[in-house]
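# Structure assessment
The residues making up each chain are set out below.
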4 protein chains.
Amino acid sequence: MSMKLSLNTWMYSSFPVWVPAYTLDETIKRIAGIGYDGIEIGAAAPHAYPAHLNKERRKEIKKLLDDSGIAVSSMLPAPGGGPGFNVASPLVEERQEAVDQYKKVIELCSDLGGPTVMYIAGWQIYGTPRIQAWNWSREALSKIAKTAADFGVMLVVEPTPTDSNLVESCDDAIEMMEQVGAKNVGLMFDTQHAYYRNEVPTDYVYRMDKDLRHVHLSEFGRLPPGAGRGDFVGLVAALRKIEYKGYLTMEIGFNRRDVEPDLVARQAYDYLKPLVSKK
Amino acid sequence: MSMKLSLNTWMYSSFPVWVPAYTLDETIKRIAGIGYDGIEIGAAAPHAYPAHLNKERRKEIKKLLDDSGIAVSSMLPAPGGGPGFNVASPLVEERQEAVDQYKKVIELCSDLGGPTVMYIAGWQIYGTPRIQAWNWSREALSKIAKTAADFGVMLVVEPTPTDSNLVESCDDAIEMMEQVGAKNVGLMFDTQHAYYRNEVPTDYVYRMDKDLRHVHLSEFGRLPPGAGRGDFVGLVAALRKIEYKGYLTMEIGFNRRDVEPDLVARQAYDYLKPLVSKK
Amino acid sequence: MSMKLSLNTWMYSSFPVWVPAYTLDETIKRIAGIGYDGIEIGAAAPHAYPAHLNKERRKEIKKLLDDSGIAVSSMLPAPGGGPGFNVASPLVEERQEAVDQYKKVIELCSDLGGPTVMYIAGWQIYGTPRIQAWNWSREALSKIAKTAADFGVMLVVEPTPTDSNLVESCDDAIEMMEQVGAKNVGLMFDTQHAYYRNEVPTDYVYRMDKDLRHVHLSEFGRLPPGAGRGDFVGLVAALRKIEYKGYLTMEIGFNRRDVEPDLVARQAYDYLKPLVSKK
Amino acid sequence: MSMKLSLNTWMYSSFPVWVPAYTLDETIKRIAGIGYDGIEIGAAAPHAYPAHLNKERRKEIKKLLDDSGIAVSSMLPAPGGGPGFNVASPLVEERQEAVDQYKKVIELCSDLGGPTVMYIAGWQIYGTPRIQAWNWSREALSKIAKTAADFGVMLVVEPTPTDSNLVESCDDAIEMMEQVGAKNVGLMFDTQHAYYRNEVPTDYVYRMDKDLRHVHLSEFGRLPPGAGRGDFVGLVAALRKIEYKGYLTMEIGFNRRDVEPDLVARQAYDYLKPLVSKK
């Protein structure tokens, strides 16, 4: 069976660099046009900041997705920036707003037919002991998981050492998942973050095993798969071994203003499609 | 007379990279400890996202600033990320939220005793004609200027070609200011953005002249002044010629995770203090 | 008061590269000759593998140290290589041998008049959950701490993310120390490891505070302080603020065969001596 | 006849870098799974430090090897690190321990069904004349060869100029072999070491001729064959000419923490298998 390919939208959005930026409608059409099975929509303006999208607009987007023959593989909030959305912030106001934002993203994801929302566990601000930051994050995840359960959405904990300092490794993510102990909390990993730690992505596959519900593909530095030294042949083989059924989502190209989104999207697709199509 | 030196807080915040990050209290103490006269506070978590700071907390911050002998030189919103705050967005919801956010930043700035808020004119999303984006931005600035006037706050329009595509040049900023025609709307520029366009910073000084109310200093790539090829001797001389009375604010180091904020802050101060102290 | 400078011996030893290598006698004389107050002796052949040094030889070394006017600041085992000495190994035989080796190093350190032995918390082998590796390491440290107490030796836990995957951060080290809860277990950090994580060394100083008992200085890549971008001016200032009383030990140059040990030792000394001598 | 391919285990071990590291069982399964005929087991923790493996464990390993359809091509000690195992050390204690360690490795190799143990002739410590170091090494080899004969194991002398300074060249190895004059002492070479000296690997083949009993393949810098400038086509042809019957063993990838062992192992295999399979 062929694995499904998805593309994250940051590269077409204003996160974290402001330009280039395309409307969500334009982005959906382009990604579907390249051939992707799924789209991972970042909950950021001008695409999908929940507070900016009323019910009517959500229906429009859902219709466009259906008409374009592409599914929402997943959604994620946009941590950092103004509101922060750091679930481990020392400011109670920020933690509360972060939890609320996750709930809004879950609802939006559900409205668009998506099954999965990523959980970014936050980061320690200087002065907060790690154990305190960890506990805040765990408490947030517990609350968010309940809302997600109501909407039938799976949450996946992602190690993000490239950008943060709280859930950094495969084991950190497993520990967070186990401490929360909710049926709809699973795991994911991103090859970029594994490379940042000089670790081996297939180790993540075998360690996460049946709890692995989502995967991000990227060469180091957010280059498209095939443009670096990443072993995506080995990775796909390992995913087949554990009978992985989720999407392979490219999270690429979004870290530089001079990106050509269509080019990078196509390069990743052209490299991976034959790999995932092999019997 | 010696010119006043100020430091922007992004480098100590979670914008746009998430770590390192310090609390605002810690940041104020450190910047004051190095010797800066002023602090430019970015309106981002965990420092100063307006919605996160109640009246009591604002008084605490004001007291800490006073006790530390440092003034708020200026504030600015955190464009991009989740809510976008792009005043030129094709989404009416985003434009409205951006205007509201500016008003909140102005109020917060006033609460902290600051005289100046920067105006980032937004950016074109693919599909929006420039004239349309421009008009939306101008309308936003007009509205924001009224609120600023109520609070006695000056707005300064900044060309930001490094990150955006709407107000890119000295002339764009002048044109925007003139079209709005409000007494409390002036100009600023950032040497990084001038270098991005391969332009000469002193040209900005002489062109903006009496309307120049705020200046950002940075070597290309957000290195501290003195670490690159920037001609800050010439720049200070030009500013003296036009009898510039505002702050020289360092906006540096915030674009990379591996920054040591105290080091960069000190390097900039140690390089500039003698320059601005000369008679 | 001037802070004391010490030099680690790896660069003159056969660890981890085999050449250049000098006898311990030669190494002591050279390091003392440059002006260092202390020497940190790695417990590796041909210098100081405990099993290779009988009582008589230890007395000879002690006398040479005294005659040369240099003190043993600290010792550490040589993890990795044949016996591994990984206190978190899945092999019970290796864990036991590692604990025994630490005890031998402590005795040797005491014989040579040294006050401090470093604790390298080991690393996870694929297949061992982190919590299991952590517990093995914590149990080992508890046992070792008792022996150290008998010899009046302080153990210092070091985060070593550059090489390992168990105690990676400031908080990991603090947590390990607190879980063991022995009076003679404190903390240390190495600037190289902080830089590897893109973190700020002074954050370690303030967080570890009174528990900070030992410090390793190195530019990223094991270059001598002053040869890179490290902020050792800021670091020394922070150490003064917390009234640090331990050694500043250079652990440099040992990662490449083409090193000239005397050169690198001298460069570090010449750069740091004026910094630590300032009032 | 097709030549047999083998893979050295350092890359999956904690030597000399500590991570990534896999258990020996995992390593055997992976290497066999890729298709290798043989495995060269380094005598280092956590794989095969002799003191860590009791008789029962050795039988388990042997069974796993047989079940996996892979043979032990060879073993080697882990020189350097704590105990040094430098047969040319000025410390009599270290020399004695090195000889003992070789004997233990030979016994282990025999227990696992391996025919060959590599001899690393040690290195000069500053202050030891070369002739003295040479004689110590020769005496050690003579003793070790007797034990090897008892176990039916062949010893092969390897020039290792990349890391040492005693047996550096083809002629040094030949001279050492001839001075010892034992039937079970032969020769080997490693292309990495030949490239380090800017020499031609096929020169080693023809010079060593019938005494050549083992070969290490590696591009310069420990890259897998095919990833650099090495002429492995010519090398295989030369080996056919002298009717070489031993293994071609990859000793690659182990010098960097960011290696993906499976990837490098597969790249080397995929490149070499067609070359050695040609008639």
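Because the structure is predicted, anything quoted here is derived from the model rather than measured.

## Quick look at the overall build of chain A
From N to C terminus, chain A includes nine helices and eight strands. Expected size for 279 residues packed as a compact globule is a radius of gyration near 19 Å; at 17 Å, chain A falls within 12% of this value. C-alpha atoms of chain A, sized along the principal axes, occupy 45 × 45 × 35 Å. Excluding contacts between residues fewer than 6 apart, the proportion of contacts in chain A whose partners are at least 24 apart in sequence is 78%. Summing over all exposed atoms, chain A offers an accessible surface of approximately 9,300 Å²; the carbon and sulfur share of this is 50%. Within chain A, the 36 negative side-chain charges are centred at a point lying 4 Å from the centre of the 32 positive side-chain charges.

## Some details on the pairing of strand β1 (residues 4–8) of chain B
Residues and elements named next belong to chain B. Within β1, four of the five residues are buried, which leaves it mostly tucked inside the rest of the structure. Note: β1 against strand β2 (residues 38–42), three bridges, orientation parallel. Bridge pairing links Asn8 to Glu40 in β2.

## Structural notes on the packing of helix α7 (residues 201–208) of chain A against helix α8 (residues 232–241) of chain A
Residue and element names in this part refer to chain A. Two elements in contact, α7 and α8, have axes whose closest approach is 9 Å; the angle formed by their N-to-C orientations is 5°. The pairing of α7 with α8 is recorded here as roughly parallel in orientation. Of the residues in α8, those in contact with Pro201, Thr202, Val205 and Tyr206 of α7 are Gly234, Leu235, Ala238, Leu239 and Lys241. Classifying every residue of the contact of α7 with α8 gives six nonpolar, two polar and one charged.

## Some words on unusual backbone geometry
Cis geometry is adopted by the peptide bond preceding Pro16 of chain B, which originates at Phe15 of chain B and carries an omega value of -10°. Each neighbour pair has its own omega, and for Val19 of chain D with Pro20 of chain D the value is 0°, a cis peptide bond. A positive phi angle, near 55°, is found at Phe85 of chain B, a position not held by glycine. Residue Phe85 of chain B is classed as buried on the basis of its relative accessible area, which comes to 4%. With phi around 65°, Arg222 of chain D is a residue other than glycine that occupies positive phi space.

## A short note on the interface of chain B and chain A
With 42 residues of chain B at the interface, the matching set in chain A holds 42 residues. Counting the surface lost from both chain B and chain A, the interface buries some 3,500 Å², and carbon and sulfur atoms represent 63% of this. Looking at the side of chain B facing chain A, the largest losses of area belong to Trp18, His52 and Tyr126 of chain B, adding up to 23% of the total buried there. Our count for the chain B to chain A interface comes out at 19 residue pairs in polar contact (both at pLDDT 80 or more). The set of elements that each furnish at least two residues to the side of chain B that touches chain A consists of α1 (24–34) and α3 (92–111) of chain B.

## Brief notes about the pairing of strand β7 (residues 212–217) of chain A
All names here are of chain A. Judged by how many residues are buried, β7 sits mostly within the fold: five of six residues are covered. As judged from the three bridges shared by β7 and strand β8 (residues 247–250), these two strands associate in the parallel manner. From the neighbouring strand, Leu217 faces β8, where its bridge partner is Met250. The β-α-β motif built from β7, the intervening α8 and the parallel element β8 has right-handed crossover chirality.

## Regarding the relation of the copies chain D and chain C
When chain D is fitted onto chain C, the two copies agree to an RMSD of 0.1 Å after a turn of 180° and an axial shift of 0.0 Å. Here the copies are linked by what is in effect a two-fold axis. When C-alpha positions in chain D are compared against the rotation axis, the closest is assigned to Gly81 of chain D, at 2.6 Å. The fraction of interface residues of chain D whose copies in chain C are also interface residues reaches 100%, indicating that both copies meet through the same surface.

## Details of the interface of chain D and chain C
Taken together, the contact pairs 42 residues of chain D with 42 residues of chain C. On the chain D side of the interface with chain C, the three residues burying the most area are Trp18, His52 and Tyr126 of chain D, jointly 23% of the side's total. Applying the counting rule to chain D against chain C returns zero salt bridges. For the side of chain D that touches chain C, the secondary structure elements donating two or more residues are α1 (24–34) and α3 (92–111) of chain D. Among the elements that make up the side of chain D that touches chain C, the one with the highest residue count is α3 of chain D (three residues). For the side of chain D that touches chain C, the class distribution of residues is 22 nonpolar, 13 polar and seven charged.

## Side note on the relation of the copies chain B and chain A
Copy one and copy two of the chain differ by a rotation about an axis and a translation along that axis. Mapping chain B onto chain A leaves a residual RMSD of 0.1 Å; the transformation is a rotation of 180° accompanied by 0.0 Å of translation along its axis. Both copies share a contact surface, since 100% of the interface residues of chain B are interface residues in chain A too.

## A look at the side chain of Gln192 of chain A
Following the sequence through the fold, Gln192 of chain A ends up in helix α6 (residues 191–196). Each residue touching Gln192 of chain A, except ones within four places of it in the same chain, is listed here: Thr162, Ser218, Glu219, Phe220, Gly221 and Arg222 of chain A.

## A look at the confidence of the model for chain A
Looking at chain A, pLDDT values average 97 and 99% of them are 70 or higher. For this predicted complex, the interface confidence comes out at an ipTM of 0.96, alongside a pTM of 0.96.

## Thoughts on helix α3 (residues 92–111) of chain C
One full turn of an α-helix is made of 3.6 residues, so residues set three or four places apart face in the same direction. Residue and element names in this part refer to chain C. Look at α3: 29 Å from first C-alpha to last across 20 residues, which is about the 28 Å you get at 1.5 Å a residue. Among all positions in α3, only Glu94, Arg95, Ala98, Val99, Gln101, Tyr102, Val105, Ile106, Leu108 and Cys109 are buried. Once α3 finishes, Gly113 follows within two positions and takes phi at roughly 80°, a positive value.

## Describing the pattern of salt bridges
Residue and element names in this part refer to chain A. Under the definition given, this model contains 72 salt bridges over all chains. Residue Glu26 is joined to Arg30 by a salt bridge in which the shortest nitrogen-to-oxygen separation is 2.9 Å. In this pair, Glu26 and Arg30 both sit in helix α1 (residues 24–34), four residues apart, roughly one turn of the helix. Residue classification places Glu26 among the partly exposed positions, given a relative accessible area of 24%. Notably, a salt bridge pairs Asp172 with Arg130, separated by 3.5 Å at the nearest N-O pair. Here the residue Asp172 occupies a position in helix α5 (residues 170–180), and Arg130 occupies one in helix α4 (residues 130–151), the gap between them amounting to 42 residues. The burial state of Asp172 is the same as that of Arg130; both residues are buried.

## Here we look at helix α2 (residues 55–68) of chain A
All names here are of chain A. Over its 14 residues, α2 extends 20 Å from the first C-alpha to the last, a length consistent with the 20 Å expected when each residue adds 1.5 Å. For α2, the full list of buried residues reads Arg58, Ile61, Leu64 and Leu65. Seen along its axis, α2 keeps its buried residues to an arc of 120°; they face one direction. Summarising the geometry of α2, the exposed residues directed more than 90 degrees from the buried face are Glu56, Lys59, Lys63 and Asp67. Contact partners of the buried residues in α2: α1, β2 (38–42), β3 (71–76) and α3 (92–111). Immediately beyond the C-terminal end of α2, within one or two residues, lies Gly69, with a positive phi of roughly 70°.

## A short note on a negative patch on the surface
Taken together, the side chains of Glu175, Glu178, Asp209 and Asp211 of chain B define an acidic patch exposed on the protein surface. Tracing the backbone shows Asp209 of chain B in the loop between α7 (201–208) and β7 (212–217).

## What about the packing of aromatic side chains?
In total, this model carries 33 aromatic pairs over all chains according to the counting rule given. Both rings, one in Tyr126 of chain A and one in Tyr22 of chain B, keep their centres 5.1 Å apart while their planes meet at 40°; by these two values the pair is tilted. Note that Tyr126 of chain A is positioned in the loop between β4 (116–120) and α4 and Tyr22 of chain B in the loop between β1 and α1, a pairing that runs across two chains. Ring pairing ties together the aromatic residues Tyr12 and Tyr22 of chain A together with Tyr126 of chain B, which thus form one cluster. Taking the ring centre of Tyr195 of chain B as reference, the NZ or CZ of Arg229 of chain B above it sits at 5.0 Å.

## Topic: the environment of Leu223 of chain B
Residues and elements named next belong to chain B. Positionally, Leu223 belongs in the loop between β7 and α8 (232–241). For Leu223, a relative accessible area of 34% gives the class partly exposed. Excluding anything up to four places from it in sequence, Leu223 contacts Ser218 and Ile252.

## As for the environment of Val153 of chain D
Residues and elements named next belong to chain D. Mapped onto the elements, Val153 comes out in the loop between α4 (130–151) and β5 (154–158). Sequence separation of Val153 and Gln192 is 39 residues, and the distance between their C-alpha atoms is 25 Å. Excluding residues within four positions of it along the chain, Val153 makes contact with Ile106, Ser110, Gly114, Pro115, Thr116, Val117, Ala148 and Asn184.

## Quick notes on the side chain of Asp231 of chain C
Counting through the fold element by element, Asp231 of chain C comes out in the loop between β7 (212–217) and α8 (232–241). Here the side chain of Asp231 of chain C touches Gly234 of chain C through a polar contact of 2.9 Å, landing on its backbone nitrogen. Contacts of Asp231 of chain C, omitting those with residues within four sequence positions, involve Glu260, Leu263 and Arg266 of chain B together with Tyr195 of chain C.

Parameters and conventions
Residues numbered from 1 in each chain as written. Chains lettered and ligands numbered in written order. Predicted model: local features only at pLDDT ≥ 70, side-chain atom pairs only at ≥ 80, totals over all residues. Heavy atoms only, no water. Helix = DSSP H or I, 4+ residues; strand = E, 2+ residues; numbered from the N terminus. Rg over C-alpha atoms; globule rule 2.2 N^0.38 Å. Contact = heavy atoms within 4.5 Å. Areas by Shrake-Rupley, 256 points an atom, 1.4 Å probe, with all protein chains shown as cover. Lys, Arg positive; Asp, Glu negative; His and termini not counted. Charge placed at Lys NZ, Arg CZ, Asp CG, Glu CD. Buried < 20%, exposed > 50% of the residue type's maximum accessible area, 1.4 Å probe, protein only. Pairing = 2+ DSSP bridges. Axes fitted to C-alpha atoms, helices over the stretch in contact; angles between N-to-C directions. Parallel < 35°, antiparallel > 145°, perpendicular 65-115°, else oblique. Nonpolar A, V, L, I, M, F, W, Y, C, P; charged D, E, K, R; others polar. Buried area = accessible area lost by both parts, 1.4 Å probe. Polar contact = N/O pair within 3.5 Å; in protein donor to acceptor, adjacent residues only side chain to side chain. Right-handed = clockwise from strand over helix to strand, strands pointing away. Least-squares fit on C-alpha atoms with pLDDT ≥ 70 in both. Salt bridge = Lys/Arg side-chain N within 4 Å of Asp/Glu carboxyl O. pLDDT = per-residue confidence, 0-100. Expected span 1.5 Å × (residues − 1). Arc of directions from axis to C-beta. Patch = residues over 30% accessible without salt bridge, like charges linked within 9 Å, V, L, I, M, F, W, Y side chains within 5 Å. Phe/Tyr/Trp six-rings, centres within 6.5 Å; stacked < 30°, edge-to-face > 60°. Lys NZ or Arg CZ within 6 Å of the ring centre and 35° of its normal.

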